[in-house]
Amino acid sequence: MGEANRKLNRRQIFLQEHPSCVYCGAAATTSDHCPPRTFFEERQWPETYEFPACEPCNGSARLDEQALAVLIRSKLTENRSESDQREWEKLVRGVKNNQPHLIAEWQDITPNEKKRTLRLAFGREDGDRRRREGWGMANMGPETQAMISRFMTKLSKALYYRHNNHIFDGVLYVNHINRLSRDTTPEYMNSILKMAPAVPEIGRNRKPLVDQFIYRFNHSPEHRVMYAVVQFGEQFIFQLIAIGPEMDAKLVELNQGKDLSKIGRHECFLSSASSKGIA
């Protein structure tokens, strides 16, 4: 049997075992890597992070993931291999061709804003040195924030399915944590990490990938909840909360009058048609 036939056979077995799209509940016809392969150097993505998906859900995220890979693979340190640099430049060219409005948004930053942000990230002396050497900053405007929110929603559903073994049907709360914010103190990070004690092994061919993708989580299939704090590369940290409608109603009641504006709330209820037969 040729390699193409073996892959087709594996795909058929996978879809028989996982017949429904993890993102919308429709019939799954493809498999989707989440996180996507473009996030990883030399496309060495983590093993087993593959999920059943329908064609629309799989295809609709392609441009988001290409653009987000540019940001995630932008490093705060100066140790980038030649192959990684080539891959990153190829991704940038792809975004320029497919979504030039995003490139324009990223570049919409004044020299003073760039100087201030670099100093905040690296200190005054090192920040000024990097600025003179041509280091740049991306403006995370509304188009970029919307893209990140869509990806956090998709990632939440994939990780929920992986750890709870059923398709999510409820409400997501997602938060993109700004590592440069004054509020992102070690105490704050410890407070959100202590609620997520489990750390999965992430690698490919026995090579760990935790320098590119790592997360801590807590979950309960019985109560249909999951909590995770996910980090990509050196800069991106996402806080993800997935809860069923009953628990969400209690959460809303408990938090009446409190500020939840920093956390994005997304209702992700399955339609009655797509949820038939889903455990």
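Residues numbered from 1 in each chain as written. Predicted model: local features only at pLDDT ≥ 70, side-chain atom pairs only at ≥ 80, totals over all residues. Heavy atoms only, no water.

1. Observations regarding the packing of aromatic side chains
In this description, an aromatic ring pair is defined by two values, namely the gap between the centres and the angle between the planes.
Alright, step 1. The full count for this structure, using the stated rule, is 14 aromatic pairs.
Alright, step 2. Site record: aromatic cluster; members linked through ring pairs are F39, F40, Y49, F151, F213, Y215, F217, F232, F236 and F238.
Alright, step 3. The ring centre of F122 lies 3.8 Å from the NZ or CZ of R130, which sits over that ring. (Phe/Tyr/Trp six-rings, centres within 6.5 Å; stacked < 30°, edge-to-face > 60°. Lys NZ or Arg CZ within 6 Å of the ring centre and 35° of its normal.)

2. Here's the deal with the pairing of strand β7 (residues 225-232)
Alright, step 1. Most of β7 sits inside the fold, with seven of its eight residues counted as buried.
Alright, step 2. Summarising the sheet, strand β6 (residues 213-220) and β7 pair through eight bridges and their orientation is antiparallel. Each residue of the ladder has a partner; that of R216, found in β7, is V229.
Alright, step 3. Hairpin connection of β6 to β7: four residues between the antiparallel strands, including R224 at a positive phi of 55°. (Buried < 20%, exposed > 50% of the residue type's maximum accessible area, 1.4 Å probe, protein only. Helix = DSSP H or I, 4+ residues; strand = E, 2+ residues; numbered from the N terminus. Pairing = 2+ DSSP bridges.)

3. What to know about the pattern of salt bridges
Alright, step 1. This structure, assessed with the given rule, holds 14 salt bridges.
Alright, step 2. Across the pair R73 and D84 runs a salt bridge whose closest N-O atoms are separated by 2.8 Å. Taken together, the residues R73 in the loop between α3 (62-72) and α4 (82-98) and D84 in helix α4 connect sequence positions 11 residues apart. The pair R73 / D84 is uniform in exposure class, with both members buried.
Alright, step 3. For the salt bridge of D248 with R265, the shortest nitrogen-to-oxygen distance reads 2.5 Å. Of this pair, D248 sits in helix α10 (residues 245-254) while R265 sits in strand β9 (residues 264-268); the two residues are 17 residues apart in sequence, bridging distant segments of the chain.
Alright, step 4. Since its relative accessible area comes to 5%, D248 is described here as buried.
Alright, step 5. Each of E41, R73, K75, D84 and E87 takes part in a single network of salt bridges with overlapping partners. (Salt bridge = Lys/Arg side-chain N within 4 Å of Asp/Glu carboxyl O.)

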